[in-house]
Amino acid sequence: METNEAHVARMKALQAKQRRKSAAARNPGRGLVLVYTGNGKGKSSSAFGVIARALGWGRKVGVVQFIKGNWTTGERRFFAKFPDQVDWYTMGEGFTWDTQDRDRDVAAAETAFARALAMLTGGGYDLVVLDEINIALRYEYLSGRTVLDGLVARSERTSVILTGRDASSEICEYADLVSEMREVKHPFAAGIKAQRGIDF
Ligand code: ATP
Ligand code: MG
């Protein structure tokens, strides 16, 4: 077993290393780009968690939801309590497999992205969440080039979170942070339906 003396020495070395690292770390001078992707649950809810943090610091947040439409969610209801700090736009038309009309989906995605672009470039937001935009990209409702150009053109002030399965390699390459949710277990596999307050 390690003696206390050895433990202290090891911890001191670790502490010195951590301090050197934080001293060398810099501020980026502009907002970050974060991607939450993967098949496991937790992508959108992580983004909503970051929104709560930003609101705690009095920041201004924009949300544009792609794909999911006319479905009341707990997050929508909750963030509606902060009308001065949060602007929320949900693309209409419900789920893609409900609409079954590609032209309408493309038009809805383009309208939603126009809203997103105004938020990204306008300089009025500290955080913009593009929920499920990776899905709109995967279905080619939006072009990767258009979205990447929008990210590049964002105001220095603005951080961006992109969520959804199958994030493109171009977006991941450009992002500062990419987290992949890995499904270990999900109640859906056991036949349990989506739960209010947990899933939506
Ligand atoms: P959440 O919004 O709960 O963080 P998510 O954004 O990671 O989930 P989405 O792909 O957007 O996941 O799916 C949205 C809905 O599908 C949620 O109700 C979620 O619980 C459910 N879901 C997520 N992952 C899975 C999975 N692996 N199997 C079945 N249902 C899932
Ligand atoms: Mg999601």
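Only a predicted model underlies this, so the values are computations on that prediction, with no experimental measurement involved.

What counts, and where the lines are drawn
Residues numbered from 1 in each chain as written. Chains lettered and ligands numbered in written order. Predicted model: local features only at pLDDT ≥ 70, side-chain atom pairs only at ≥ 80, totals over all residues. Heavy atoms only, no water. Pairing = 2+ DSSP bridges. Helix = DSSP H or I, 4+ residues; strand = E, 2+ residues; numbered from the N terminus. Axes fitted to C-alpha atoms, helices over the stretch in contact; angles between N-to-C directions. Contact = heavy atoms within 4.5 Å. Salt bridge = Lys/Arg side-chain N within 4 Å of Asp/Glu carboxyl O. Buried < 20%, exposed > 50% of the residue type's maximum accessible area, 1.4 Å probe, protein only.

### Comments concerning the sheet that holds strand β5 (residues 159-163)
Taken in spatial order, the six strands line up as β3-β2-β4-β5-β1-β6 in an open sheet, and their pairing is parallel. Lying at the two open borders of the sheet, with one neighbouring strand each, are β3 (86-90) and β6 (177-181). Each neighbouring strand pair of the sheet contributes to a mean axis angle of 10°, computed without reference to strand direction. When strand β1 (residues 33-38) meets β5, the two strands line up parallel, connected through four bridges. Bridged to Y36 within β5 is T163. Along the sheet, helix α2 (residues 43-56) makes contact with β1, β2 (61-65), β3, β4 (127-131), β5 and β6, crossing β4 at roughly 165°. Sheet strands touched by helix α5 (residues 102-122): β2, β3, β4 and β5. Its angle to β2, the strand with the most contacts, is close to 165°.

### Regarding the pattern of salt bridges
Per the counting criterion, the structure on display carries six salt bridges. With a closest N to O distance of 2.7 Å, R10 and E2 form a salt bridge. Given a relative accessible area of 47%, R10 falls into the partly exposed group. Residue R145 is joined to D149 by a salt bridge in which the shortest nitrogen-to-oxygen separation is 2.9 Å. Note that R145 and D149 are positioned in helix α7 (residues 144-152) at a spacing of four residues, about one turn of the helix.

Worth remembering: the numbers are spatial, not functional.
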